Amino acid sequence: MTGEKIIIAIDGHSSCGKSTMAKSLAKILGYIYIDSGAMYRAVTLNALRNGWVNNGKPEIDKIVSGLKNIKITFIWDKSTEKNTTYLNGENVEEEIRKPEVSQNVSPISTIAEVRREMVKQQRENGLKKGIVMDGRDIGTVVFPKAELKIFMTALPEIRAQRRFLELSENGLDVSFAEILKNVKERDEIDSTRAISPLKKAEDALVLDNSNLSREEQFKWTLKKIEEIINKNES
Ligand code: DC
């Protein structure tokens, strides 16, 4: 697809396939892909490693002052078609997906200073457009003027099942019940937090994929992109 580059913001609940969709779009359009959730996960991993989370309670001052010492970058590996997250030059892609990080990331992502710093870095990546970013507040806060905003969702049970399969395939010993609990807890925290809660931007298109295949969702989204690009050109 040729034409003017746009910004694509994909928000939605956890484990509803935002990253898969965003990666596929970035690939076909030749755009940059940024997984904003991975950035909050990297901050969480850094906090856990330093012992700044006690019984699920983050030590806010330490986490905030530690922000200046961390650099989060992404490298797109063409051969594996995977996006890899680096924390201070270390590949942490696998570690940030582990249950311990998933269980602690939502409270850490409610810290105002953490959000301010992540949003600043996210916006820097979008200066030249030609970007697909997924997260919770991309269409509402990070890029409120994004040309295409999609709000993805699916039933919690379906999302938990997808996560369960993904983690099991990666050899992690996890229970479905635990994952479902975590999915629901994260929905609750993400949607009710005071700063930048997960909510649909007014002009976002809703994509409920409970009963849709990846191909169907992808086709639907590409059609929307085509319409926007054609409209911008006419
Ligand atoms: O997309 P994910 O599940 O990897 O995101 C991990 C957590 O990070 C999620 O519980 C909420 C938080 N997050 C956020 O607050 N804002 C974003 N833009 C992306 C993720």
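Because the structure is predicted, anything quoted here is derived from the model rather than measured.

Parameters at a glance
Per chain, residues are indexed from 1 in the order of the written sequence. Local features in this predicted model are restricted to residues whose pLDDT is 70 or higher, and side-chain atom pairs enter the listing and the counts only when it is 80 or higher, whereas totals over whole chains, interfaces and linings include all residues. As a rule here, side-chain values come from all non-hydrogen atoms in the structure, and water together with hydrogens is ignored. Using protein atoms alone on a 1 Å grid, points that fit a 1.4 Å probe yet trap it form a cavity, whereas open point sets bounded by protein on both sides within 12 Å along at least five of seven lines form a pocket; residues with an atom within 4 Å of a point count as lining. Grid points are joined across faces, edges and corners, and a volume is the space filled by probe spheres set on the points. Helix numbers and strand numbers start at the N terminus; a helix is a DSSP run of H or I with at least 4 residues, a strand a run of E with at least 2. Residues were grouped as follows: Ala, Val, Leu, Ile, Met, Phe, Trp, Tyr, Cys and Pro as nonpolar; Asp, Glu, Lys and Arg as charged; and all remaining residues, including Gly, as polar. Following DSSP output, two strands are said to pair if at least two bridges run between them. Fitting a line to C-alpha atoms yields each axis, with helices limited to the stretch in contact; the angle taken between N-to-C directions then spans 0 to 180 degrees. Contacts are residue-level and defined by heavy atoms, with any inter-residue pair within 4.5 Å sufficient. Remark: exposure states derive from per-residue accessible area (1.4 Å probe, protein chains only) relative to the maximum for the residue type, with buried under 20%, exposed over 50%, and partly exposed in between.

Peer 1: Is there a simple way to think about empty space enclosed by the protein in this case?
Peer 2: Once rolled over the atoms, a probe with the size of a water molecule shows which space is left empty. For the structure shown, the criterion picks out 3 cavities of 30 Å³ or more. By volume, the largest cavity is sized at about 130 Å³. Along the walls of the largest cavity sit 13 residues, with Pro99, Ser102, Leu167, Ile179 and Asn182 positioned nearest its centre. Taken together, the elements giving at least two residues each to the lining of the largest cavity come down to α4 (99-108), α7 (156-169) and α8 (176-192). For the lining of the largest cavity, the element with the most residues is α8, which contributes 5 residues. Grouping the constituent residues of the lining of the largest cavity by class yields 5 nonpolar, 4 polar and 4 charged.

Peer 1: Explanation requested: the sheet that holds strand β9 (residues 148-153) in the structure shown.
Peer 2: Either a parallel or an antiparallel arrangement is found when strands of a sheet pair, and the pairing is made through backbone hydrogen bonds. Reading across from one edge, β2-β8-β1-β9-β10 is the order of the 5 strands in this open sheet, with parallel pairing throughout. Looking at which strands have only one partner, the edges of the open sheet turn out to be β2 (32-35) and β10 (205-208). Averaged over neighbouring strand pairs, the angle between their axes works out to 20 degrees when direction is ignored. Where β2 and strand β8 (residues 131-135) come together, 4 bridges link them in parallel fashion. Residue Asp35 lies in a different strand from β8, and its bridge partner there is Asp134. This element, helix α2 (residues 36-49), spans β2 and β8 of the sheet and lies at about 45 degrees to β2.

Peer 1: Explain the pairing of strand β5 (residues 72-77) to me, please; I cannot follow it from the model alone.
Peer 2: Every regular strand shows the same layout, with side chains that alternate between the two sheet faces. Relative to strand β6 (residues 82-87), β5 runs antiparallel, the two being bridged by 6 bridges. Note on β6: the bridge partner recorded for Ile75 is Thr84. Taken together, β5 and the strand that follows it, β6, pair antiparallel across an intervening segment of 4 residues, in which Glu81 is found at a positive phi of about 55 degrees.

Peer 1: Even after reading the chapter, I still don't get the pairing of β9, so can you show me in this structure?
Peer 2: Most of β9 is tucked away: 6 of the 6 residues are buried. Of the two faces of β9, the one carrying Leu148, Ile150 and Met152 and the one carrying Lys149, Phe151 and Thr153 are both buried. The pairing of strand β1 (residues 7-12) with β9 spans 5 bridges and is parallel. The residue of β9 that forms the bridge with Ala9 is Lys149. Examined bridge by bridge, β9 and β10 share 4 bridges and lie parallel to one another. Of the residues in β10, the one forming a bridge with Phe151 is Val206.

Peer 1: Just to check I follow, could you spell out unusual backbone geometry for this structure?
Peer 2: Note: most peptide bonds trans; most residues except glycine with negative phi. A positive phi angle is found at Ser15, which is not glycine, with a value near 55 degrees. Relative to the elements of secondary structure, Ser15 occurs in the loop between β1 and α1 (18-29). A relative accessible area of 13% means that Ser15 is categorised as buried. One non-glycine residue with positive phi stands out, namely Ser196, at about 45 degrees. Among the structural elements, Ser196 can be located in the loop between α8 and β10.

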